[in-house]
Amino acid sequence: MAIRAAAAAVRSIQEGTDARMERLGRAMLRARLLEEKLGSLYRAGRIVGGVYLGRGQEALSGAGGVALRKGDIFAPLIRDMAGRLAFGEPMEDALRAYLGSRLGPMKGRDGNIHRGDLSRGILPMISHLGAMVSTLAGVLMAKRMKGEKRKVGLTCAGDGATSTGSFHEGLNLAAVERLPLVVVVADNGYAYSTPNERQFACADLVDRARGYGVQGHSVDGTDPWVCAEVLQGAVDRARGGEGPQLVVGKLLRLCGHGEHDDGLYVDSKIQRSERGRDCVQVMESEMKKRGSGKEWQSWRAEAQAEVEAAVIKVSAEPVPDPFEEDWSATKSGSEAEESGSS
Ligand SMILES: Cc1ncc(C[n+]2csc(CCOP(=O)(O)OP(=O)(O)O)c2C)c(N)n1
């Protein structure tokens, strides 16, 4: 009986793991294919402003989105398309921000990477350079004061962002307050064109966790399985009251800083190293090895169809009309008048 119970438990853990990896794999593919399309739309002149992609960072980002639950708060950065989709941002809403649709969560009036949706627990990004750590710490403190329990906040930072004052102030505050905060550092080797050795003098950014008094975790950011496990563990620990968690993933940005940047300064030795692996290819070949190649192909086909359908739908949507806009970020004009605000 006990053996049977143990076997059932093992099976259910395995099924849970498989379900989590399916969510992650699908989010990675959806993000990769959507971003390839965004690159094309940018080159075709259909997108106003810059386009910044998360190529090569889908496993680490997506694993964060998968590890969170409904009711948690996610503060994504510019390379977190996979995390956003995994956490539940509809692909159509993402596209609406890029194509300026009035039906998007920012009503087509904000920069594409600055989109958020408070109703889904996604904070609009203020800046890529550390600002979201203190913003999220503030949200978590407010939740604590309101008596909301077991809600986790997760945000991200680049290696460059870890050198800013905002990052330091935010993480220090979160550590002192023992907030349920997970900070995922995507150490992709470069802050724009500045390599790691010109940014910080410690051997590994995870070493800083000790200085802040928080738990630190290192992860190979190119391995989807390891990312899923480590991120889930960090989120669970934060939820369980163990305070802030710093997760540092080593990987490489497999694109320019933005689509306007060719990234030619990236060292070819790093590109050829383990760190330069493409997490999407890693997952594809591992799934093939495990006999699940057909499943992967069907996820890819579904993601491709979703991207095509979303582009067609969102392209036909209205854009904001300056003469009809209420110019209120959060409420319609009549609602604002009723509550006496202007
Ligand atoms: C205060 C400020 N300075 C400079 C910039 C321009 N900028 C945006 S992202 C970035 C580099 C960020 O590097 P990193 O944190 O490593 O993230 P990555 O782009 O590699 O993901 C810079 C210099 C900015 N947005 N804000």
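Check the entry above for the structure.
Residues numbered from 1 in each chain as written. Predicted model: local features only at pLDDT ≥ 70, side-chain atom pairs only at ≥ 80, totals over all residues.

Thoughts on the overall build of the protein chain
To be explicit about the condition: Runs of E in the DSSP output that reach at least two residues are strands. Runs of H or I that reach at least four are helices, and both are numbered from the N terminus. Our radius of gyration is a C-alpha quantity, and the globule rule it is checked against amounts to 2.2 Å times the number of residues to the power 0.38.
Looking only at helices and strands, one finds 12 helices and seven strands in the protein chain. Against the compact-globule benchmark of 20 Å for 342 residues, the protein chain has a radius of gyration of 20 Å, which places it among compact chains. Its C-alpha atoms give the protein chain principal-axis dimensions of roughly 65 × 55 × 45 Å.

Considering the pairing of strand 2 (residues 153-158)
To keep things clear, this is the line we draw: Here the C-beta atoms are placed from the backbone, and a residue counts as buried if at least 20 other C-beta atoms lie within 10 Å of its own, exposed if 12 or fewer do, and partly exposed otherwise. Only strands joined by at least two bridges in the DSSP assignment are considered to pair. Here, the term right-handed applies to a crossover whose path from the first strand over the helix to the second runs clockwise when the strands point away from the viewer.
Burial analysis of strand 2 places six of its six residues in the buried class, the great majority of the element. Judged by which residues are buried, strand 2 turns out to be covered on both faces: Gly153, Thr155 and Ala157 on one side and Leu154, Cys156 and Gly158 on the other are all buried. Across six bridges, strand 2 lies against strand 3 (residues 181-187) in parallel orientation. The residue of strand 3 that forms the bridge with Thr155 is Val183. A crossover links strand 2 with its parallel partner strand 3, the connecting element being helix 6 (residues 165-177), and its sense is right-handed.

Topic: helix 5 (residues 131-145)
Definition in use: A helix's residues, less one, multiplied by 1.5 Å, set its expected span. C-beta atoms are placed from the backbone for every residue, and two residues are taken to be in contact when these atoms lie within 7 Å.
An ideal rise of 1.5 Å per residue puts 21 Å on 15 residues; helix 5 measures up with 22 Å between its terminal C-alpha atoms. Turning to helix 5, the residues buried within the fold contact strand 1 (73-75), strand 2, helix 6 and strand 3. After helix 5 finishes, the residue Gly147 shows a positive phi value of roughly 80 degrees.

Here's the deal with the sheet that holds strand 1
Here is the rule we go by: Helix axes are fitted only over the stretch in contact, all axes being lines through C-alpha atoms; the angle between N-to-C directions runs from 0 to 180 degrees.
Strands sit in the order 1-2-3-7-6 across an open sheet of five strands; the sheet is parallel. The open sheet has two edge strands with one neighbour each: strand 1 and strand 6 (215-220). Shown here is a sheet whose adjacent strand axes are inclined to one another by a mean of 20 degrees, direction ignored. As paired elements, strand 6 and strand 7 (residues 245-250) share six bridges and run parallel to each other. Residue pairing for strand 7: His217 is matched across the bridge by Val247.

Topic: the site of the ligand
The condition that has to hold: The C-beta atom of each residue is placed using the backbone, and any residue whose C-beta lies within 6 Å of a molecule or strand is treated as near it. In the scheme used here, Gly and all other residues not listed as nonpolar or charged are polar, with Ala, Val, Leu, Ile, Met, Phe, Trp, Tyr, Cys and Pro taken as nonpolar and Asp, Glu, Lys and Arg as charged.
Near the ligand you find 15 residues, and of these His128, Gly158, Gly160, Ala161 and Ala191 are the closest. Looking at the shell around the ligand residue by residue, the class counts come to six nonpolar, six polar and three charged.

Some points on the packing of helix 5 against helix 6
Operational definition: Note that the term roughly parallel is reserved for angles under 35 degrees, roughly antiparallel for angles over 145, roughly perpendicular for angles of 65 to 115, and oblique for everything else. Each helix crossing is assigned a hand: it is left-handed if the near helix lies turned anticlockwise from the far helix by less than a right angle, otherwise right-handed if that turn is clockwise.
Between helix 5 and helix 6, the shortest axis-to-axis distance is 6 Å and the interhelical angle comes to 25 degrees. One way to sum up the angle between helix 5 and helix 6 is to call them roughly parallel. Considering only the axes of helix 5 and helix 6, their crossing is left-handed. In this structure, helix 5 uses Ala131, Val133, Ser134, Ala137 and Met141 to contact helix 6, whose residues at the interface are Ser166, Phe167, Glu169, Gly170, Leu171, Leu173, Ala174 and Glu177. A class-by-class count of the residues in the contact of helix 5 with helix 6 yields eight nonpolar, three polar and two charged.

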